Amino acid sequence: MTEKQAATAALSPAEVDRRIIAAFLDSEDPALDALVPGLDEADIRRRAAAIGLTRELVRDARVAGVVRLAMRACIRCDSPFLSVGPQNRLCRRCNR
Ligand SMILES: [Zn+2]
């Protein structure tokens, strides 16, 4: 395990995703380098893209005012997915 992987492993995957979502909601130009120990800006942008955190979702969440965007567990398959609100409980795969 590299030093970089060891630092990231100190945070749970859920906490890493929570920090990434919060940072993008918080700022148009978030400081990503110090956000998650061991992950650089490119790693974080890749992870944001992987969970489906798009500019559109971030913009809509800001317009709505109340932030409901969060990683939630799918009620059918239990996988974590980017949910747009408490009512959105099925991941994209199960929602088809
Ligand atoms: Zn599912």
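Remember, predicted model here, so these are calculated numbers, not experimental data.

(A) Focus on the coordination of the zinc ion. The coordination sphere of the zinc ion contains the protein donors Cys74 (SG), Cys77 (SG), Cys91 (SG) and Cys94 (SG), at a distance range of 2.3 Å. Classification of the site at the zinc ion as tetrahedral follows from its 4 donor atoms and the range of 105 to 116 degrees in their angles at the metal. Sequence positions of the residues that donate to the zinc ion give the spacing C-x2-C-x13-C-x2-C. Here the residue Cys77 occupies a position in the loop between strand 1 (70-73) and strand 2 (80-83), and Cys94 occupies one in helix 5 (residues 92-95), the gap between them amounting to 17 residues. For Cys77, a relative accessible area of 28% gives the class partly exposed.

(B) Geometry of the pattern of salt bridges. Per the stated rule, a full pass over the model turns up 7 salt bridges. The salt bridge involving Arg19 is made with Glu15; its shortest N-O contact spans 2.9 Å. Taken together, the residues Arg19 and Glu15, both in helix 2 (residues 13-26) and 4 residues apart, mark about one turn of the helix. Two residues, Asp17 and Arg47, come together in a salt bridge whose shortest N-O distance is 2.8 Å. Here Arg47 lies in helix 3 (residues 41-50) and Asp17 lies in helix 2, a separation of 30 residues in the sequence. The class for Asp17 is buried, based on a relative accessible area of 5%. In the salt-bridge network here, residues are joined through shared partners; they are Glu15, Arg18 and Arg19.

(C) Focus on helix 2. With 14 residues, helix 2 extends 20 Å between its outermost C-alpha atoms, agreeing within 8% with the 20 Å of an ideal straight helix rising 1.5 Å per residue. Where helix 2 is buried, its residues touch helix 3, helix 4 (55-64), strand 1 and strand 2.

(D) Structural context of the nonpolar core. Counting residues in each nonpolar core, the largest one holds 19 residues, and the members touching the most others are Ile20, Phe24, Leu35, Val36, Ile44 and Leu53. Taken together, the elements giving at least two residues each to this core come down to helix 2, helix 3 and helix 4. Ranked by residue count, the leading element in this core is helix 2, at 6 residues. Contact partners of Ile20, with chain neighbours within four places excluded, come to Leu35, Ile44, Arg47, Ala48 and Leu53.

(E) Quick peek at the side chain of Ser83. Assignment of secondary structure puts Ser83 in strand 2. In terms of polar contacts, Ser83 uses its side chain to reach the backbone carbonyl oxygen of Asn88, at 2.8 Å. Setting aside chain neighbours within four positions, we find Ser83 in contact with Arg68, Leu69, Ala70, Arg72 and Asn88.

Conventions adopted
- Residues numbered from 1 in each chain as written.
- Predicted model: local features only at pLDDT ≥ 70, side-chain atom pairs only at ≥ 80, totals over all residues.
- Heavy atoms only, no water.
- Donors = N, O, S within 2.8 Å, 3.2 Å for Na, K, Ca; no water.
- Tetrahedral: all angles 85-135°; square planar, octahedral: opposite > 155°, others 65-115°.
- Helix = DSSP H or I, 4+ residues; strand = E, 2+ residues; numbered from the N terminus.
- Buried < 20%, exposed > 50% of the residue type's maximum accessible area, 1.4 Å probe, protein only.
- Salt bridge = Lys/Arg side-chain N within 4 Å of Asp/Glu carboxyl O.
- Expected span 1.5 Å × (residues − 1).
- Contact = heavy atoms within 4.5 Å.
- Core = buried A, V, L, I, M, F, W, Y, C linked by side-chain atoms within 4.5 Å.
- Polar contact = N/O pair within 3.5 Å; in protein donor to acceptor, adjacent residues only side chain to side chain.

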